[in-house]
Amino acid sequence: MSEYILVTGATGQLGREVVRTLLQNRVAVKAATRRPESYSHPDVEPLFLDYSQPTSFVPAIRGAAGLFLISGPMDPKVHEKLPQLIDTAKVEGVQKIIFVSAWGVDQNEDNVLRKCEHYLEQSGMRYVIFRPNFFMDNFSSGFIGDMIRATGNIYLPAGTGKTSFISCRDIALAVEKAFAHRDWDHQAIPLSGKESLDHDLVARIISQVSGREIHYFDQSPEQVLAAGKEAGMSEGAVSYLNELYEMVRNGWVAPISEHLKSIIGQQPESFRAFAERSLGSWMLPGSAN
């Protein structure tokens, strides 16, 4: 595409990687964010976009050839917000939408992201839906990273279930390929990493790489709810989180998909390789490691 791509969630884990990858491939980008005044990138114009404010849709989308669309984090009402944004994109002449959904949502027709998928599929637009598994980046720049830095431990209701974690860097590579080519149009594609790990092993890998003793502690959904309330999370957001990790506990996110390798033309990043390049995320102040 010769025109620019509008990247929603541009300040988030995945959005930042998508912006970086598109720019590396000489694709013009504009960043959609709720706080454009705080966004600083020499090659990217920030535009105000808030899913809760439909009046922001047209000014942000007008002129875009492509739209990278991602839900707000753990938003239980996203299915009430994104359809109008998709409609606006169609009216404004956006040529293609790449929507990042989530692994396994096709197994639950009541899932809010699945409802968004259906709306996009029936919109008449060119689209690609990616369903990535849990992000490796949650352990560095995400909420689990915050947990590790604050406590030195991982507390999640994941049981002993395994996950084929995927890095945001690899997802961004797939997004760039999908914008550049039609090969994957009108498909919903699951994306995973190359290996399936439980959280105890993840903690051990981070410990080995960082030199810190990181441990994983399984939590009950009730414990997560209590901790979430104490941290100021809404009950809806905590319930959504518990639903996500129920998938882990049940082994539903353990399978490995070969789609990512075929799209990006290389092996997905291993968790150890991710941890090694994310070393600074877990270093203690003044550490020499």
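Definitions and limits used
Residues numbered from 1 in each chain as written. Predicted model: local features only at pLDDT ≥ 70, side-chain atom pairs only at ≥ 80, totals over all residues. Heavy atoms only, no water. Helix = DSSP H or I, 4+ residues; strand = E, 2+ residues; numbered from the N terminus. Contact = heavy atoms within 4.5 Å. Buried < 20%, exposed > 50% of the residue type's maximum accessible area, 1.4 Å probe, protein only. Phe/Tyr/Trp six-rings, centres within 6.5 Å; stacked < 30°, edge-to-face > 60°. Lys NZ or Arg CZ within 6 Å of the ring centre and 35° of its normal. Salt bridge = Lys/Arg side-chain N within 4 Å of Asp/Glu carboxyl O. Pairing = 2+ DSSP bridges. Axes fitted to C-alpha atoms, helices over the stretch in contact; angles between N-to-C directions.

On to the side chain of T163, then. By secondary structure assignment, the location of T163 is in strand β8 (residues 162-163). Setting aside anything within four residues of it in sequence, one finds T163 in contact with N133, F134, E195, S196, L197, H199, V248, V253 and A254.

Next up on the list: helix α3 (residues 82-91). Every buried residue of α3 is accounted for by L82, P83, L85, I86, T88 and A89. Buried residues along α3 sit against α2 (57-61), β4 (66-70), β5 (96-100) and α4 (112-121).

All told, the structure shown has six aromatic pairs when counted by the stated rule. Aromatic side chains F139 and F271 sit 5.6 Å apart centroid to centroid with 85° between the ring planes, which places their arrangement in the edge-to-face category. Taken as a pair, F139 in the loop between β6 (126-132) and α5 (143-151) and F271 in helix α11 (residues 271-277) lie far apart in primary sequence, 132 residues in all. Residue classification places F139 among the buried positions, given a relative accessible area of 0%. When the ring of Y155 is compared with that of F217, the centres are 5.4 Å apart and the planes differ by 15°; the resulting orientation is stacked. Residue Y155 is found in strand β7 (residues 153-156), and its partner F217 is found in strand β11 (residues 215-218); the two are separated by 62 residues along the sequence. A residue is classified by how much of its surface remains accessible, and Y155, at 31% relative accessible area, is partly exposed. Lying over the aromatic face of Y4, K30 brings its terminal NZ or CZ to 4.4 Å of the ring centre.

Here the focus is the pattern of salt bridges. Applying the stated criterion across every chain, the model contains 15 salt bridges. A salt bridge links E269 to R277; the shortest N-O distance between them is 2.7 Å. Among the residues examined, R277 registers a relative accessible area of 32% and is labelled partly exposed. Members of the salt-bridge network, linked through shared partners, are D106, E109, R114, E117, E121 and R131.

The next point concerns unusual backbone geometry. Phi angles above zero are rare outside glycine, and R26 is one such case at about 60°. Mapped onto the elements, R26 comes out in the loop between α1 (13-24) and β2 (29-33). Notably, H186 is not glycine yet its phi reads approximately 60°, a positive angle. Here H186 shows up in the loop between α6 (168-180) and β9 (187-191). For H186, a relative accessible area of 46% gives the class partly exposed.

Turning our eyes to something else, we now look at the side chain of S257. Its location among the elements puts S257 in the loop between α9 (235-249) and α10 (259-264). Taking the relative accessible area as the measure of exposure, S257 reaches 11% and is therefore buried. Once residues lying within four places of it in the same chain are set aside, the contact partners of S257 are W103, P190, S192 and G193.

A separate point is the sheet that holds β6. Reading across the sheet, the seven strands line up as β3-β2-β1-β4-β5-β6-β9 and stay open at both edges, with parallel pairing between neighbours. Only two strands of the sheet have a single partner each, and these edge strands are β3 (45-48) and β9. The sheet shows a mean angle of 20° between the axes of neighbouring strands, direction not considered. Packing against the sheet, α3 makes contact with β4 and β5, and its axis sits at approximately 175° to β4. Each of β5 and β6 is contacted by α4, which is oriented at about 160° to β6, the strand it contacts most.

By themselves these figures say nothing about function.
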